[in-house]
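One letter stands for each residue in the lines below.
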Amino acid sequence: MSTIRDRGLVKWQAALIMPEHKALNKKIGEVDYFLNKQPVLDEYQVEEFENNIHYAMEYHLPISFRLHNKGNPKELHGYCGYIHPVTKELRIQKKDSSFKYIQFSDIVSVIVKD
């Protein structure tokens, strides 16, 4: 009695793959579709972020940022020490007294802790 040998997914693959097809398949595999896209903020949200940052700087309050880091959300906690007016770069002093520089365009949300 003979048995049927199933080749699984191999039977559905093309018999000949050109180098262009192989490169395209590799490129498609590198794209991660599960990364979050950066949200589009309206001018009122941006103004609210600016007001919260200035309030936290004036009264030296701890502040939490949620950042868009190439598709992965990132949290940053500390004190805002300086805002560069031209490049819109913030200097954040973390709890271990180190400094972290962030771009204003990477900010998704700002929370001031009283």
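All figures in this text were calculated on a predicted structure; none of them were measured in a lab.

1. Topic: the overall build of the protein
Phase 1: Along the backbone of the protein there are two helices and five strands.
Phase 2: Listing every helix and strand of the protein by position from the N terminus yields α-α-β-β-β-β-β.
Phase 3: For the protein, with 114 residues in total, the buried portion stands at 18%.
Phase 4: Pairs at least 24 residues apart make up 51% of the contacts formed inside the protein by residues separated by at least 6 positions.
Phase 5: Entry remark: accessible area of the protein is about 9,500 Å², with carbon and sulfur atoms responsible for 56%.

2. Details of the pairing of strand β1 (residues 63-69)
Phase 1: Within β1, five of the seven residues are buried, which leaves it mostly tucked inside the rest of the structure.
Phase 2: For β1 and strand β2 (residues 72-84), the ladder comprises seven bridges, and the chain directions are antiparallel. Within β2, the position partnered with histidine 68 by the bridge is proline 73.
Phase 3: Between β1 and β2, which follow one another and run antiparallel, lie two residues, and lysine 70 among them has a positive phi close to 55 degrees.
Phase 4: As judged from the five bridges shared by β1 and strand β5 (residues 107-112), these two strands associate in the antiparallel manner. When the sheet's bridge partners are listed, leucine 67 is paired in β5 with isoleucine 107.

3. Details of unusual backbone geometry
Phase 1: The residue histidine 60 is not glycine, and still its phi comes out positive at about 50 degrees.
Phase 2: For histidine 60, the position within the fold is in the loop between α2 (43-58) and β1.
Phase 3: The exposure class assigned to histidine 60 is exposed, which follows from its relative accessible area of 53%.
Phase 4: A positive phi is found at serine 97, a non-glycine position, where the angle reads about 65 degrees.

Criteria and thresholds
- Residues numbered from 1 in each chain as written.
- Predicted model: local features only at pLDDT ≥ 70, side-chain atom pairs only at ≥ 80, totals over all residues.
- Heavy atoms only, no water.
- Helix = DSSP H or I, 4+ residues; strand = E, 2+ residues; numbered from the N terminus.
- Buried < 20%, exposed > 50% of the residue type's maximum accessible area, 1.4 Å probe, protein only.
- Contact = heavy atoms within 4.5 Å.
- Areas by Shrake-Rupley, 256 points an atom, 1.4 Å probe, with all protein chains shown as cover.
- Pairing = 2+ DSSP bridges.

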